Amino acid sequence: MTKIQLNEKEKLIASANTLRWEIGESLHDSIIESIYTDAAKIANKVVKVKEQKKKYSYDQAIDRIVTSKWLGFPIMFLMLSVVFWVTIEGANVPSGLIANLLVDTLHPVLKDFASSIGTPSWLSGVLIDGAYLAMAWVISVMLPPMAIFFPLFTLLEDFGYLPRVAFNMDNLYRKVGAHGKQALTMTMGFGCNAAGIIATRIIDSPRERIIAIITNNFSLCNGRWPTQILIATIFIGGAVPAYLAGIVSAAAVVGIALLGIIFSLVVSWGLSKTILKGEASAFSLELPPYRPPRILRTLYTSLIDRTIFVLWRAVVFAVPAGIVIWLVANITIGGTSIAEHFTNWSDPFALLVGLNGVILLAYIIAIPANEIVVPTVLMLTVLVAGIAGVGSGDGVMFELDSVADTSAILHAGGWTVLTGINLMLFSLLHNPCSTTIYTIYKETKSIKWTVISSILPVMMGFAVCFFVTQVWRLIAS
Amino acid sequence: MIDQSKCEACPVHNTGNLKRLGINMDKFDFVVALAGNPNTGKSTVFNNLTGLKQHTGNWPGKTVTRAEGGFEFNNSRYKLIDLPGTYSLLSTSTDEEIARDFILFGQPDVTIVVVDATRLERNLNLVLQVLEITERAIVCLNLMDEARRRYIEIDERTLSRDLGIPVIPTEARQGIGIPNLLTAIDEVVNGKFICKPYRITGTSKGLAKAVEYITEKIKRQFPLLPNARWVALRLLEGDQKIIDAIRSGEISGIAKRNSVEENFAAV
């Protein structure tokens, strides 16, 4: 670059600076003002609203109810409860059918085939008892609830209800020193935390964005809804008379989701009072109009984008996890398997917080995907509890025709209602899945915030489970 | 209004010439940017044109990153960029900056501003701002069905004349009006429709003079820069980013399309 050019540039900047003083400070305002005036002028000329009838205001009528001070939250809980109730009631039968096909029928056929062509038993163990069964399990446990839950949830979204949820919660988030838009990203997190964390880009202030990122994990995600639904059905629904089971277990799941929201508020408050101090910035949230949901399109997107996507992810992670499970169950050190070593070692601590070693091990194996926690827990329970009559050997996932069988196994594994409650709590409060952790790192570019976001929820999970367990035992004794 | 649904079902109709290319964007002839306020249906228009299945939702702020896709129409290949929804291009949040920088420096051959027909006035604020930065734009007047339900009528011809750019009414959720949008894109990029964009009027004489003066100076310094007037405005406002870009000479560098991608990698 020559010197003359450089001078020309400085001259240009200098003359702009001089002119700015001549025009005065109000340049920015005057531009904005003229944009607004001109827009209004043009709009007035071309827009005609004829005979504004009552019908137009049905949006406001609905909004007055669903975002009202008193009814807003109850309606929100009711809507979520109905969605879960339908899911819980509807998923049981198809789950059994699929398990029947994939596990009871197909698994023996594969085993026979493998032995007929002379496959060594360790190889058929790893591939068929490990990888295949893990996959079959994930499909039968997860596909039916997802195929019911996601379309319902997507319908609510398409209709325009989710922004109202955000609107209801926006004020709460601002009160705890976070950004109101966090209500939106939290709602996105109900689908997928990684998506919710990417969505925090709509928050301008870095302070509030970090808060939103750290607390996004408190939104139950796709991978955790099925766990919640299944465990609630077995332990909460099982503890009450049969005719109440559906409603009560749905209420329990809603309760956990609510607890997540409360935790996100409390933690946001804590963060904005300590390491992320600052004032909440203001913003305006626009409520989109209600639009009639497009049923077919919704079914398509919710089945393809969500159900199949989540299922595929679960299967992809279940296959290697299945292999790992088979290996830790079958490799022995001093006559005891690695899995048993770990559970025996961690049981004292785990039982103190009302969980057990199996759950901890399952959560370690399932870090890549929350989706496979329940299958892993069940498999390990059978192994460690040494339940006879199910499965065909150590580390083999077994035939499970229904929720009732699952329930039988967990009870045989020494599970109580307390274990169920704690598992639900721990499923809400534990480290994010590996995809989410990676997303957090990509978005924050900071190891510190990534570590905090990953460790903080686990610590809270242990603390909360410990507290619940102590109180429970106090009352029970 | 004439019932167009029969025409659209006919195979000789425009959509017959549309080839959705999905994520295949090789060797494109033109770049089309898709801007608009949040929740006006940008992603729906995007999906309609590219055949992609970007997740859409009744939900402002669904698109936070740029999404890209391709389509072919009348033997031209287009690359379509779905920008994040913004209310303005003046303030400094990340999504507004992404949208603004792309329209400014990415130099799309045409920018489609998707507009909510039921909230025209507020949406026009963005349209006017876009017209400040770019010459070639199209207003896609979306959600016409909703406007109809609310008894809102819009004189799109007058609007088009006033703005000096094509205005195409659509109902993107149903795919209605997309053929007309395609025709408009084709006409603008091939110079069959010459845009004479509306420029804001309300500013004072002194300002107008100052803008003109600086614009001339910028044009002399950076003859390749297409949006000299807008850069002049920002310079007069004292936008530090623009001052730095002029000082470092970066401003002429980013005016070239081939360097746009690296520029965005940095954003």
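Just so we're clear, the structure is a prediction, and the values are computed from it rather than from any experiment.

Caption draft 1: Summary view of the overall build of chain B. Within chain B, the secondary structure is distributed over 12 helices and 8 strands. Among the 267 residues that make up chain B, the fraction classed as buried is 61%. Total accessible area on chain B stands at roughly 10,800 Å², and carbon and sulfur atoms take up 51% of it.

Caption draft 2: Broad picture of the overall build of chain A. For chain A, the count of helices and strands is 19 helices and 3 strands. For chain A, the residues scored as buried account for 52% of the 477 residues in total. By sequence separation, contacts in chain A at least 24 residues apart represent 77% of the contacts at least 6 residues apart. As presented, chain A carries roughly 20,900 Å² of accessible surface, and 70% of it is formed by carbon and sulfur atoms.

Caption draft 3: Region of interest: the nonpolar core. By size, the foremost hydrophobic cluster in this structure holds 103 residues, and its most contacted members are Phe84, Trp225, Leu380 and Leu410 of chain A. Ranked by the residues each element gives to this core, the list is headed by helix H5 (residues 121–159) of chain A, at 12 residues. In terms of nonpolar packing, the next biggest core, distinct from the first, is built from 92 residues, Val46 of chain A together with Phe46, Ile152 and Leu225 of chain B among them.

Caption draft 4: Region of interest: the packing of aromatic side chains. What the rule picks out here adds up to 9 aromatic pairs over all chains. Following the ring pairs from residue to residue traces out a cluster consisting of Phe349, Tyr363, Phe426 and Phe462 of chain A.

Caption draft 5: The confidence of the model for chain A, seen in detail. Residues and elements named next belong to chain A. Of the residues in chain A, 88% reach a pLDDT of 70 or more, and the chain-wide mean stands at 79. By mean pLDDT, helix H16 (residues 403–412) is the weakest element of chain A at 72, and helix H19 (residues 447–476) is the strongest at 92. Counting contacts from residues 388–399, a segment whose pLDDT is below 50, to residues more than four positions away or on other chains yields 34 contacts.

Caption draft 6: Representation of the packing of helix H10 (residues 225–236) of chain A against helix H17 (residues 417–428) of chain A in the model. Residues and elements named next belong to chain A. Contact geometry of H10 with H17 gives a least axis separation of 9 Å together with a crossing angle of 165 degrees. The angle between H10 and H17 places the two elements in the roughly antiparallel class. The element H10 and its partner H17 pack so that their crossing is left-handed. Residue-level inspection shows Thr227, Gln228, Ile231, Ala232, Phe235 and Ile236 of H10 in contact with H17, the latter providing Val417, Gly420, Ile421, Leu423, Met424, Ser427 and Leu428. Each residue belonging to the contact of H10 with H17 can be placed in one class, and the counts come to 9 nonpolar, 4 polar and no charged.

Caption draft 7: How the structure looks around a nonpolar patch on the surface. The grouping of Ile295, Leu296, Leu299, Tyr300, Leu303, Ile304, Ile308, Trp312 and Val316 of chain A at the surface amounts to a nonpolar patch, some 880 Å² of accessible area in total. Here Trp312 of chain A lies in helix H12 (residues 295–330).

Caption draft 8: Structural context of the pairing of strand E5 (residues 110–116) of chain B. Residues and elements named next belong to chain B. Burial within E5 is extensive, with 7 of its 7 residues counted as buried. Here E5 shows two buried faces, one formed by Val110, Ile112, Val114 and Asp116 and the other by Thr111, Val113 and Val115. Bridge count for E5 against strand E6 (residues 137–142) is 6 bridges, and the pairing is parallel. Within E6, the position partnered with Val115 by the bridge is Leu141. Handedness of the crossover joining E5 and E6 through helix H4 (residues 120–133): right-handed.

Caption draft 9: Expanded view of H17 of chain A. Residue and element names in this part refer to chain A. For H17, with 12 residues, the first-to-last C-alpha span of 17 Å sits near the 16 Å given by 1.5 Å per residue. Within H17, 10 of the 12 residues are buried, which leaves it mostly tucked inside the rest of the structure. Of all the residues in H17, the buried ones are Leu418, Thr419, Gly420, Asn422, Leu423, Met424, Leu425, Phe426, Ser427 and Leu428.

Caption draft 10: Fine view of the pattern of salt bridges. All names here are of chain B. Counted according to the given criterion, the structure contains 12 salt bridges over all chains. In this structure, the salt-bridge partner of Lys79 is Glu68, at a minimum N-O distance of 3.9 Å. Placement of the pair is Lys79 in strand E4 (residues 76–82) and Glu68 in strand E3 (residues 67–73), with a sequence separation of 11 residues. The exposure class assigned to Lys79 is buried, which follows from its relative accessible area of 10%.

Caption draft 11: Unusual backbone geometry, seen in detail. All names here are of chain B. With a phi close to 65 degrees, Asn75 is a non-glycine residue in the positive phi region. Positive phi, close to 60 degrees, is recorded for Leu143, a residue that is not glycine. Here Leu143 shows up in the loop between E6 and helix H5 (144–149). Judged by relative accessible area, which is 4%, Leu143 ranks as buried.

Reading the values: rules and limits
Residues numbered from 1 in each chain as written. Chains lettered and ligands numbered in written order. Predicted model: local features only at pLDDT ≥ 70, side-chain atom pairs only at ≥ 80, totals over all residues. Heavy atoms only, no water. Helix = DSSP H or I, 4+ residues; strand = E, 2+ residues; numbered from the N terminus. Buried < 20%, exposed > 50% of the residue type's maximum accessible area, 1.4 Å probe, protein only. Areas by Shrake-Rupley, 256 points an atom, 1.4 Å probe, with all protein chains shown as cover. Contact = heavy atoms within 4.5 Å. Core = buried A, V, L, I, M, F, W, Y, C linked by side-chain atoms within 4.5 Å. Phe/Tyr/Trp six-rings, centres within 6.5 Å; stacked < 30°, edge-to-face > 60°. pLDDT = per-residue confidence, 0-100. Axes fitted to C-alpha atoms, helices over the stretch in contact; angles between N-to-C directions. Parallel < 35°, antiparallel > 145°, perpendicular 65-115°, else oblique. Left-handed = near helix turned anticlockwise from the far one by under 90°. Nonpolar A, V, L, I, M, F, W, Y, C, P; charged D, E, K, R; others polar. Patch = residues over 30% accessible without salt bridge, like charges linked within 9 Å, V, L, I, M, F, W, Y side chains within 5 Å. Salt bridge = Lys/Arg side-chain N within 4 Å of Asp/Glu carboxyl O. Pairing = 2+ DSSP bridges. Right-handed = clockwise from strand over helix to strand, strands pointing away. Expected span 1.5 Å × (residues − 1).

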